[in-house]
Amino acid sequence: MSSSKGKEEDRDIIIARGDGEDESFSGVERLKFERVGGRTKSFHPPIETHWHLPLSKGKRASFSIKSLLSYSLMKLRRSKSLQVILEGAHDPKDEQIVESFREILSREDLLPPKHNDYHTLLRFLRMNDFDVSKSRDVFHNYLKWRKDFRVDMLPKEFKFTEYTEVKKCYPHGYHGVDRYGRPVYIERIGMVDLNKLGQVTTQERFIKYHVSEQEKTLRVRFPACSLAAKRHIASTTSILDVNGVGMSNFSKPARYLFTEIQKIDSSYYPETLNQLFIINAGSGFKMLWKAVKTFLDVRTVAKIQVLGSNYLSVLLEAIDPSNLPTFLGGDCTCSEYGGCLMSDEGPWKNPELLEMIQAISSREEIEGKCEHGDVASEDSLMPKNALKELAQHIEQPKM
């Protein structure tokens, strides 16, 4: 292998983009970059730009958990429709191709009501560079996997009773939001004890737990963050602390978990990562990174920023200190929960927002039943106060 080729393989992929609020991408416009061997792939702008609701000119969003959760929903009702926030303003170019995709899936009976939503279809189109035929095959595989894995039955059939013990030997969790309003996910990889993890759970149960968390993010965390931020949220900002991690950490059990979770995330939960910060990367991790990134899609690699110990200024550009744990240089301790990674703190813990999301889900269930000729009473599926709240929030603001 020539030295020039080696340099090409190791060269960082740099994609210039805005901080979220000022991004101007629309439709299927996207950046292209070259891969080894001359193959090209498209890098799409953050998925939220497909439902962009611009802020007032000159204003920059800065969120803290407290300010997000204390925002008056009465004010929200007057300023914007709940449906506009959750659905966003669809770009006509995207809407046209999504509708074509929907028609193809419907004709082949590949579109259950539960998955017939704009966001899901657009994510699968984006992952395949808007190739409708390829997206159809991938979506079919997605539905088959959900059936085989019994994803929809996990809430009833699967209880992760070892949750607290797993957190002790595998510190991870959602904590707060970034400056745009996206949920922040954190893992402290350098503190993972795989031997202990194997004693308190199995790989199969951990993977089921991971899938259940992904479902919660799609169904609860993203909608709650959208309501709190007053704009559509559809991706996550993640932080991996790899302090002390090297090649010795990439054992056979670690490789299995990593590859299985990566396969599930990339195949069945596409386009849900906004950005990943890998921090405290030492020389040992940099060697490991060369091996690990071969398992990742090139678009995913483009969203990853590897940082050493001087990471704080970069994190603070993306995340307010109130949403960062003290162990990452922020201000939060979540002492009442036994630590930030035990808290699952965020807008998705707000009871009022949860009630609204439950009401919306119930309404969608009713609509799905009606499409199939079933009769359902709205009162039987929705709490009356939730139904009233939903009606008030969906009402378009008067001009």
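Every chain is numbered on its own, with residues counted from 1 as its sequence reads. Per-residue local features of the predicted model are confined to residues with pLDDT of at least 70, and side-chain atom pairs are confined, for both listing and counting, to 80 or more; whole-chain, interface and lining totals are unaffected and use all residues. With hydrogens and water excluded, all non-hydrogen atoms of the structure serve as input to the side-chain values.

(A) Focus on the packing of helix 11 (residues 203–229) against helix 12 (residues 252–268). Inter-axis angles, ranging from 0 to 180 degrees, are taken between N-to-C directions of lines fitted to C-alpha atoms, where helices are fitted over the stretch in contact. Strands here mean DSSP runs of E at least two residues long; helices mean DSSP runs of H or I at least four residues long; both are numbered from the N terminus. Contact pair helix 11 / helix 12: the axes reach a minimum separation of 11 Å and the direction vectors enclose 30°. Judged by the angle between their axes, helix 11 and helix 12 are roughly parallel. The way helix 11 lies across helix 12 gives a crossing that is right-handed. Where helix 11 approaches helix 12, its residues Gln203, Glu204, Phe206, Ile207, His210, Val211 and Gln214 are matched on the opposing element by Pro253, Tyr256, Leu257, Glu260, Ile261, Ile264 and Asp265. Across the contact of helix 11 with helix 12, the residue classes tally to eight nonpolar, three polar and three charged. Any angle from 65 to 115 degrees is called roughly perpendicular, while one under 35 is roughly parallel, one over 145 is roughly antiparallel, and all others are oblique. We call a crossing left-handed when the near helix sits turned anticlockwise from the far one by less than a right angle, and right-handed when that turn is clockwise. Throughout, a residue-residue contact means that at least one pair of heavy atoms, one from each residue, lies within 4.5 Å. Here the term charged refers only to Asp, Glu, Lys and Arg, the term nonpolar to Ala, Val, Leu, Ile, Met, Phe, Trp, Tyr, Cys and Pro, and the term polar to all other amino acids, Gly among them.

(B) Focus on the nonpolar core. Among buried residues, the Ala, Val, Leu, Ile, Met, Phe, Trp, Tyr and Cys ones that are joined through side-chain atoms within 4.5 Å form a nonpolar core. For the exposure calls, accessible area comes from a 1.4 Å probe over protein chains only, and a residue counts as buried if that area is under 20% of its type's maximum, exposed if over 50%, partly exposed in between. In terms of nonpolar packing, the biggest core is built from 54 residues, with Phe101, Phe139, Trp145, Phe206 and Tyr269 touching the most fellow members. Listed by contribution, the elements that provide at least two residues to this core are helix 5 (92–107), helix 6 (118–127), helix 7 (132–149), helix 9 (163–169), strand 3 (172–177), helix 11, helix 12 and helix 16 (351–371). Considering every element that reaches this core, the biggest residue donor is helix 11, with eleven residues. With near-sequence residues (within four places) excluded, tyrosine 269 lies in contact with Arg123, Trp145, Arg146, Val151, Val211, Gln214, Glu215, Leu218 and Ile264.

(C) Seen up close, the environment of lysine 349. Inspection of the secondary structure puts lysine 349 in the loop between helix 15 (312–318) and helix 16. C-alpha of lysine 349 to C-alpha of alanine 224: the two residues are 125 residues apart in sequence and 8.5 Å apart in space. Setting aside residues no more than four positions away along its own chain, lysine 349 makes contact with Tyr337, Ser343, Asp344 and Leu354. Residues adjacent in sequence count toward polar contacts only when both atoms are side-chain atoms; beyond that, a polar contact is any pair of N or O atoms within 3.5 Å, and within protein one must be able to donate a hydrogen and the other to accept it. At 2.8 Å, the side chain of lysine 349 and the backbone oxygen of serine 343 are in polar contact.

(D) Local environment of the pattern of salt bridges. Salt bridges are identified by distance alone: a Lys or Arg side-chain nitrogen within 4 Å of an Asp or Glu carboxyl oxygen. All told, the structure shown has 19 salt bridges when counted by the stated rule. Here aspartate 148 makes a salt bridge to lysine 144, at a shortest N to O gap of 2.8 Å. Pair noted here: aspartate 148 and lysine 144 are both in helix 7, with a separation of four residues, about one helical turn. In this structure, aspartate 178 and arginine 182 form a salt bridge, with 3.4 Å as the shortest nitrogen-oxygen distance. The pair formed by aspartate 178 and arginine 182 is uniform in burial state, with each residue classed as buried. Put simply, Lys114, Arg146, Asp152, Glu215 and Arg219 are held in one network by salt bridges that share partners.

(E) Broad picture of the sheet that holds strand 4 (residues 183–188). In short, DSSP must find at least two bridges between two strands for them to pair. Strand order in the open sheet formed by five strands is 3-4-5-6-7, with mixed pairing between adjacent strands. What marks the edges here is a single partner per strand, and that holds for strand 3 and strand 7 (304–306). Adjacent strand axes in the sheet meet at a mean angle of 20°, parallel and antiparallel pairs treated alike. Judged from the four bridges that link them, strand 3 and strand 4 form a sheet pairing that is antiparallel. Following the sheet pairing, valine 177 is matched in strand 4 by proline 183. Of the strands in this sheet, strand 3, strand 4 and strand 5 (236–241) touch helix 11, which is tilted by about 5° from strand 3.

(F) A look at the environment of serine 248. In this structure, serine 248 sits in the loop between strand 5 and helix 12. Between the alpha carbons of serine 248 and glycine 284 there is a distance of 8.9 Å; along the sequence they are 36 residues apart.

(G) Summary view of the state of the cysteines. We call a pair of cysteine sulfur atoms a disulfide whenever their separation is within 2.5 Å. Considering all chains together, one arrives at zero disulfides under this definition. Cysteine 340 forms no disulfide, and the closest cysteine sulfur to it belongs to cysteine 332, at a distance of 3.8 Å.

(H) The arrangement of the pairing of strand 5 in detail. Of all six residues making up strand 5, six are buried, and the element is well covered by its neighbours. Alternating residues of strand 5 divide into Thr236, Ser238 and Leu240 and Thr237, Ile239 and Asp241, and every residue in both groups is buried. Pairing geometry for strand 4 and strand 5, over five bridges, is parallel. Note that in strand 5 the partner of isoleucine 186 across the bridge is isoleucine 239. Bridge analysis of strand 5 against strand 6 (residues 273–279) gives six bridges, and the strand direction is parallel. Bridged to serine 238 within strand 6 is leucine 276.

(I) Main features of the side chain of glutamate 215. Within the secondary structure layout, glutamate 215 lies in helix 11. Among the residues examined, glutamate 215 registers a relative accessible area of 11% and is labelled buried. At 2.7 Å, the side chain of glutamate 215 and the side chain of tyrosine 269 are in polar contact.

(J) The arrangement of the pairing of strand 3 in detail. With respect to burial, strand 3 is a largely interior element, six of its six residues being buried. In textbook terms, the turn of a hairpin is the stretch between consecutive antiparallel strands, and for strand 3 and strand 4 this stretch comprises five residues, one of which, glycine 181, has a positive phi near 110°.

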